[in-house]
Amino acid sequence: MPRLVTDVLIVGSGAGGGPLALTLARAGLDVVVLEKGPRLSRSDYRRQDEIDLREGVYFPRPEEDPHTVVTPNTKQPVRTLLGWTASCVGGGTVHMGSFLYRFHPDDFRMRSRCGPYEEVADWPFGYDELEPYYSLAEREVGLSGLGGASPFEGWRSEPYPMPPLPAHPLTTPLEEVCRRRGLHPFPTPRGINSRPYQGRPACDPCDFCTGFGCPSGARGSSQEALLARAEQTGRCRVVPRAMVRQITVDARGRATGCLWIDEAGVEREVHARAVCVCCSAVESARLLLLSKSPLFPDGLANDRGLVGRHLQFHGVTLGYGLFRRDRHPGLPLAARRPFLDRSLLDHYFLPPGVGEIDKGGLIRFGLPQTRPMAEAQEIATAGGRAVWGEALAARLQRHFVEERRIEVEVFHDFFPNARTFVELDPEVRDRWGLPVARIHLDLPSHQRIAGHWVGRRALEILDDLGADEVGFQIVGGTSSYLVHGTCRAGRDPATSVLDEHLRAHAVPNLFVVDGSFMPTSGGAAPTLTIFAASFRTADQVLAQARRGDF
Amino acid sequence: MKDHSKPGRRSILAAALARLVPPGAGPGAVEAGAVEYAVQRLDGEQPAPWLMDGLDLLDRLALEHDGAHFEELGPARQDEVLRRFEEDPVGTECLRRLVLLALEGSFCHPARGGNRHGAGWRFAGLDNGERSDPSRCRAS
């Protein structure tokens, strides 16, 4: 393979890389996308195999390419896949459930709204600036939803491109109990086609969804919705199994491309006029820290020591309501399809007195993720000693046949704090011999408070619905693969790595386009906001390219 | 390739799984093809010690208890031997792993050799993965 020369180098092919590739290639620029992981396809996704998932088919192998993590309670760092979104063409968007909410306008101005708390800062742009790009992202990825259904959401310039997916029959009683409490349930926006869209079919629901790749292409991803069209222009080359080990710079401090290692282990180069790093927050910070040069001895764009700081995951609280089918003949519990997709923004902010800061979370009701093998194994070993024979039969019968569950997921903020950050691990190396990312992790106390309070509101609703049992599985936990913050965007170069267009203050042709830029994580799932910010940055890159800036 | 299976080990494994994961605990290890799935673990260069030592112990307990090989006993007596097996430290761990393996073989993707004819998924209320076939999706 000869040395690659291109207009724009994009490192990483997930929610950050996809919009850039599509916008720039469509506009006539030449684009190279280097992706560390393999390229999978619909025929791979057709086999929806729990063992593949357990073995981490979409993720790197922890013995080869780990992160390490240390918390206040652990003495030694341990190898982990925490903070890996994925390693494959399309990134985390390949296996996500595609719950694609917008942020609330106040998510962009948490410091102004709530005052000082930990390392919370305002964003350098607001909902109004991003709104056209939310609409664009929804159109390009293909969202189904109902705009204006919640009085709490931000304004919209356009409706969703597709109406909501067909509703599970449980939706009706669920909405009724929500409304009786004065709440405002709305259809969960999904990046799933409710009708044929842009050459991809409508969803014909299969039993497997979240966690698995989509075999039909009905669920939009960076790969299906964006990169496929980028490649069709003939101006976008996606190279899988390409490990970028350093972003290169010249003596003037401008990015010039990268050094990378191909599948056979051979070192290669790309030369580019502009570089976009889109590896997700932990890996993007790591790549910058690895990219040392005389002008940037502590890592590219790390002249202020801020790269890797303000790492945020996402708050996650999970609960359930359990229903014995024979006790609820009036409830349509039997069907596992279609999706039960209702959400509540009513508790996005907390009443006074609950926590130090008034941020709550977003409630999502749904049916459990499909994992019969894992569920059966968990039931058999729940008590420590294995249950077997007729005793096992009774438990599996109860779980799979006699009972049904409605699940609750609360999305809530992980607040940036001085104790949570990324650095290069001084000891552990990946399979290419490069230092891995070491995550320092400490959860702000508000996370558990917000998760518990909002979670209890959700369980009350399941109680109203008549659940025989409700409970929590996780309260105030940390998502593994929603990662943000490590290259914070802001107006002041003294306190931020990137400007409002996600361009490095210190390197005028370098952009970091994924969750890294986010000063706060938002209460809603962040992926749509990453898509939107990437489309916005893509316009900026295009404008600069046309101006001759690079 | 060495044959670690020994004439007895395969039949001990099959008999044990039939009692550990009977019909009702999913389709049942035998019915779901989980026995064949598990037997694959006996083949190959290095079958795990937990499995070989465990099966040998189970058979030894049967011979001590009833004077017959495990697979020769009736189901009630097999259950008694299994109860003694799980009181042994080696036995309890082997039993736990056998249950996990049998459930894996009952509910895994059929292409892996278990979950025969999708019986496990049907038990779990799934649609046998048929809807995963994209040719069934409306494409226009």
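Residues numbered from 1 in each chain as written. Chains lettered and ligands numbered in written order. Predicted model: local features only at pLDDT ≥ 70, side-chain atom pairs only at ≥ 80, totals over all residues. Heavy atoms only, no water.

J.: Explanation requested: the pairing of strand E3 (residues 67-70) of chain A in the structure shown.
T.: In summary, the side chains of a regular strand alternate between the two faces of the sheet. Residue and element names in this part refer to chain A. Of the two faces of E3, the one holding His67 and Val69 and the one holding Thr68 and Val70 are both buried throughout. By the bridge criterion, three bridges tie E3 to strand E15 (residues 435-440) in an arrangement that is parallel. Counted as the bridge partner of Val69 is Ile439 from E15. (Buried < 20%, exposed > 50% of the residue type's maximum accessible area, 1.4 Å probe, protein only. Helix = DSSP H or I, 4+ residues; strand = E, 2+ residues; numbered from the N terminus. Pairing = 2+ DSSP bridges.)

J.: Explain helix H9 (residues 372-380) of chain A to me, please; I cannot follow it from the model alone.
T.: Each turn of an α-helix holds 3.6 residues, which means side chains three or four residues apart point in the same direction. Burial runs high along H9(A): eight of the nine residues are buried. Where H9(A) is buried, its residues touch helix H3 (50-54) and helix H10 (389-402) of chain A together with helix H5 (89-107) and helix H6 (119-123) of chain B. (Contact = heavy atoms within 4.5 Å.)

J.: How do you make sense of the sheet that holds E3(A) when you look at a structure like this?
T.: Backbone-to-backbone hydrogen bonds join strands into a sheet, with any given pair of strands oriented parallel or antiparallel. All names here are of chain A. A sheet is described by the order of its strands in space; here four strands give the open sequence E4-E3-E15-E14, paired in mixed fashion. Only two strands of the sheet have a single neighbouring strand rather than two, namely strand E4 (78-80) and strand E14 (421-429). Taken pair by pair, the neighbouring strands of this sheet meet at an average axis angle of 40°, ignoring direction. When E3 meets E4, the two strands line up antiparallel, connected through three bridges. Bridge assignment links Val69 to a residue of E4, and that residue is Val78. Along the sheet face, helix H8 (residues 281-290) touches E3, E14 and E15 and points at about 125° away from the line of E15. (Axes fitted to C-alpha atoms, helices over the stretch in contact; angles between N-to-C directions.)

J.: Explain the state of the cysteines to me, please; I cannot follow it from the model alone.
T.: What we call a disulfide is simply a covalent bond connecting the sulfur atoms of a pair of cysteines. Residue and element names in this part refer to chain A. Counted by the stated rule, this structure contains zero disulfides over all chains. With no disulfide partner, Cys214 has as its closest neighbouring cysteine sulfur the one in Cys206, 6.7 Å distant. Judged by its relative accessible area of 14%, Cys214 is buried. (Disulfide = S-S within 2.5 Å.)

J.: Would you explain unusual backbone geometry in this entry?
T.: Among all residues save glycine, negative phi is the norm, and among peptide bonds the norm is trans. All names here are of chain A. In this chain, Arg337 is followed by Pro338 through a cis amide linkage whose omega measures -10°. Looking at the secondary structure, you find Pro338 in the loop between strand E10 (315-324) and strand E11 (342-344). For Gln198, which is not glycine, the phi dihedral falls at a positive 50°. Following the sequence through the fold, Gln198 ends up in the loop between strand E5 (186-187) and helix H7 (222-232). For Gln198, a relative accessible area of 40% puts it in the partly exposed group. You will see that Ser280, though not glycine, has its phi angle at about 80°, which is positive. With respect to the helices, strands and loops of the structure, Ser280 is situated in the loop between strand E9 (267-277) and H8. A relative accessible area of 10% places Ser280 in the buried class.

J.: What is the right way to read H8(A) from this model?
T.: Taking burial as the measure, the ten residues of H8(A) include ten buried ones, the bulk of the element. For H8(A), every residue scored as buried is listed here: Ala281(A), Val282(A), Glu283(A), Ser284(A), Ala285(A), Arg286(A), Leu287(A), Leu288(A), Leu289(A) and Leu290(A).

J.: For this particular structure, what's the right way to read the nonpolar core?
T.: By size, the foremost hydrophobic cluster in this structure holds 100 residues, and its most contacted members are Leu34(A), Ile247(A) and Leu510(A). Of all the elements, helix H12 (residues 527-547) of chain A adds the most residues to this core, at ten residues. Residues in contact with Ile247(A), not counting those within four places in the same chain, are Val11(A), Ala255(A), Gly257(A), Cys258(A), Val275(A), Val277(A), Leu287(A), Ser291(A) and Leu300(A). Within the second largest apolar cluster, 54 residues are counted, among which are Trp388(A), Val39(B), Leu61(B) and Phe123(B). (Core = buried A, V, L, I, M, F, W, Y, C linked by side-chain atoms within 4.5 Å.)

J.: What should I look at first to understand the environment of Leu17(B) in this one?
T.: Residues and elements named next belong to chain B. When you line up the elements, Leu17 lands in helix H1 (residues 6-20). Here the alpha-carbon distance between Leu17 and Leu73, two residues 56 residues apart in the chain, equals 14 Å. Not counting chain neighbours up to four residues away, the residues in contact with Leu17 comprise Ala29, Ala34, Val35, Ala38, Leu98 and Ala102.

J.: Would you mind showing me how to read the sheet that holds E11(A) here?
T.: Residues and elements named next belong to chain A. An order of E5-E11-E12-E13-E10-E16 is seen for the six strands of this open sheet, with the pairing classed as antiparallel. Since the sheet does not close on itself, it has two edges, and those belong to E5 and strand E16 (469-478), each with one partner. Examined bridge by bridge, E11 and strand E12 (residues 361-366) share three bridges and lie antiparallel to one another. The residue bridging Leu344 from the neighbouring strand is Ile363, located in E12. Of the strands in this sheet, E11 and E12 touch helix H6 (residues 171-180), which is tilted by about 15° from E11. With respect to the sheet, helix H11 (residues 446-464) is in contact with E10, E11, E12, strand E13 (403-412) and E16, its orientation differing from that of E16 by roughly 155°.

J.: Teacher, can you tell me more about the pattern of salt bridges here?
T.: Pairing of side chains with opposite charge becomes possible as their charged atoms draw close. Per the counting criterion, the structure on display carries 57 salt bridges over all chains. In this structure, Arg179(A) engages Glu175(A) in a salt bridge whose closest nitrogen and oxygen atoms are separated by 3.7 Å. In this pair, Arg179(A) and Glu175(A) both sit in helix H6, four residues apart, roughly one turn of the helix. Arg96(B) is the partner of Glu93(B) in a salt bridge, and the nearest nitrogen-oxygen pair spans 3.0 Å. Taken together, the positions of Glu93(B) and Arg96(B), both in helix H5 and three residues apart, correspond to about one turn of that helix. Note on Arg96(B): relative accessible area 26%, which makes it partly exposed. Several salt bridges share partner residues, and in doing so they unite Lys36(A), Asp65(A), Glu283(A), Arg286(A) and Asp430(A) into one network. (Salt bridge = Lys/Arg side-chain N within 4 Å of Asp/Glu carboxyl O.)

Nothing here speaks to function; it is geometry throughout.
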